[in-house]
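Coordinate inspection notes
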Amino acid sequence: MKVAVLDINGKDTGRQVDLSNDVFAIEPNNHAVYLDVKQYLANQRQGTHKAKERAEISGSTRKIKKQKGTGTARAGSIKSGVFKGGGRMFGPRPRSYSFKLNKNVKRLARKSALTMKANEKSIVVLEDISFESPKTKNFTAVLKALDLVNKKSLFVLGGSNNNVYLSSRNLKGSEVITSSEISTYKILNANRVVLFESSLEGIESNLSK
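Thresholds applied
- Every chain is numbered independently, its residues counted from 1 as its sequence is written.
- Confidence filtering applies because this is a predicted model: local features only for residues at pLDDT of at least 70, side-chain atom pairs given and counted only at 80 or more, and all residues used for totals across whole chains, interfaces and linings.
- To obtain the side-chain values, all non-hydrogen atoms of the structure were used and water was disregarded.
- Helix numbering and strand numbering both begin at the N terminus, where a helix is a DSSP run of H or I of at least 4 residues and a strand a DSSP run of E of at least 2.
- Under the scheme applied here, a residue whose accessible area is under 20% of the maximum for its type counts as buried, over 50% as exposed, and between as partly exposed, the area being computed with a 1.4 Å probe on protein chains only.
- Contacts: residue pairs with any heavy atoms within 4.5 Å of one another.
- N or O atoms within 3.5 Å of each other form a polar contact, as long as, within protein, one can give a hydrogen and the other can take it, and as long as residues adjacent in sequence are counted only when both atoms are side-chain atoms.
- Only rings of Phe, Tyr and Trp enter the pairing, Trp through its six-membered ring, and a pair is recorded when the two centres are within 6.5 Å. The plane angle decides the type: under 30 degrees is stacked, over 60 is edge-to-face, the rest tilted.
- Over a ring means this: the NZ of a Lys or the CZ of an Arg is within 6 Å of the ring centre and within 35 degrees of the ring normal.
- Whenever Lys or Arg places a side-chain nitrogen within 4 Å of a carboxyl oxygen from Asp or Glu, that contact is recorded as a salt bridge.
- Charge assignment: positive for Lys and Arg, negative for Asp and Glu; neither His nor the chain ends contribute.
- What marks off one domain from the next here is an automatic or database domain assignment.
- Between any two strands, pairing holds if DSSP finds at least two bridges.

Right, let's get into the environment of Ser174. Mapped onto the elements of the fold, Ser174 is located in strand E5 (residues 174-178). Using a relative accessible area of 11% as the deciding quantity, one classes Ser174 as buried. C-alpha of Ser174 to C-alpha of Lys151: the two residues are 23 residues apart in sequence and 7.8 Å apart in space. Apart from the residues within four sequence positions on either side, Ser174 is in contact with Phe139, Leu143, Ser153 and Ser168. Of the polar contacts made by the side chain of Ser174, one reaches the side chain of Ser153; its length is 2.9 Å.

Structure representation (structure tokens):
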């Protein structure tokens, strides 16, 4: 798949790159995508929810009324969940929502997500850029040139570039990651995926295994 390479001003450089069909033109697997996104969102959950059960409630342990003869149900503790102020019955406890997912499934899901974006013409290849210092206005200028202002965008770097990352950090709709940090959720959550030239080799080598 041939894709034109754009410069920092959003203009065609006259060069093209060949995107691997093994990564950007496969038959998408929707179930693999679903599982990978589900795992990503599950890992974001803290799982710190907690409600007090009857053993954790402060209160008297005396039997509140006699066993028989009252005409109502027997009751032994004011801390029971059937009374106001009592413990929560079967309440939430701290837990981890994470679950294991096979590496091959995750790899298939990411290739499927990239293929979906390629089919939607939502992948842009940008020549490598570098800022002399971290400035938000520099990154905003790139967004304007690529018509990505007020749109969700994902920029994928070939390697660590602190000035580019820091320049984008204050912009809510844009995220800058390296090729090793790419995930199915982030790909699908973006309206446009911008791949720097240097990231292509890393993406294709990681997902072509």
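Under the defined criterion, the tally for this structure stands at 3 aromatic pairs. Here the aromatic residues Phe139, Phe155 and Phe196 are joined through ring pairs into a cluster of three or more. Just above the ring of Tyr97 sits the side chain of Arg45; from NZ or CZ to the centre is 3.6 Å. Over the ring of Tyr97 we find Arg95; its NZ or CZ atom is 3.9 Å from the centre of that ring.

Per the stated rule, a full pass over the model turns up 9 salt bridges. Between Glu197 and Arg15 there is a salt bridge; the shortest N-O distance is 2.8 Å. Of this pair, Glu197 sits in helix H7 (residues 197-207) while Arg15 sits in strand E2 (residues 12-18), placing them 182 residues apart in sequence. One salt bridge connects Lys117 with Glu120, and the closest N-O pair in it is separated by 3.9 Å.

Let's shift gears to the side chain of Glu204. Position of Glu204 relative to the elements: it lies in helix H7. Despite being buried, Glu204 has no salt bridge partner; Lys2 is the closest side chain of opposite charge, sitting 11 Å away. Here Ser20 takes part through its backbone nitrogen, which lies 3.1 Å from a polar atom of the side chain of Glu204. Setting aside anything within four residues of it in sequence, one finds Glu204 in contact with Asp18, Leu19, Ser20, Val23 and Phe24.

Bringing the domain arrangement of the protein chain into the picture now. Entries for the protein chain in the domain assignment read domain 1 (2-46 + 100-208) and domain 2 (48-94). Placing the centre of domain 1 and that of domain 2 at their C-alpha centroids yields a distance of 54 Å.

What follows concerns the pairing of strand E1 (residues 2-6). As paired elements, E1 and E2 share 4 bridges and run antiparallel to each other. Counted as the bridge partner of Ala4 is Gln16 from E2. Here E1 hands over to E2 after 5 residues, with Gly10 in that stretch at a positive phi of 80 degrees. Across 2 bridges, E1 lies against strand E3 (residues 123-126) in parallel orientation. Counterpart to Val5 in the pairing with E3 is Val125.

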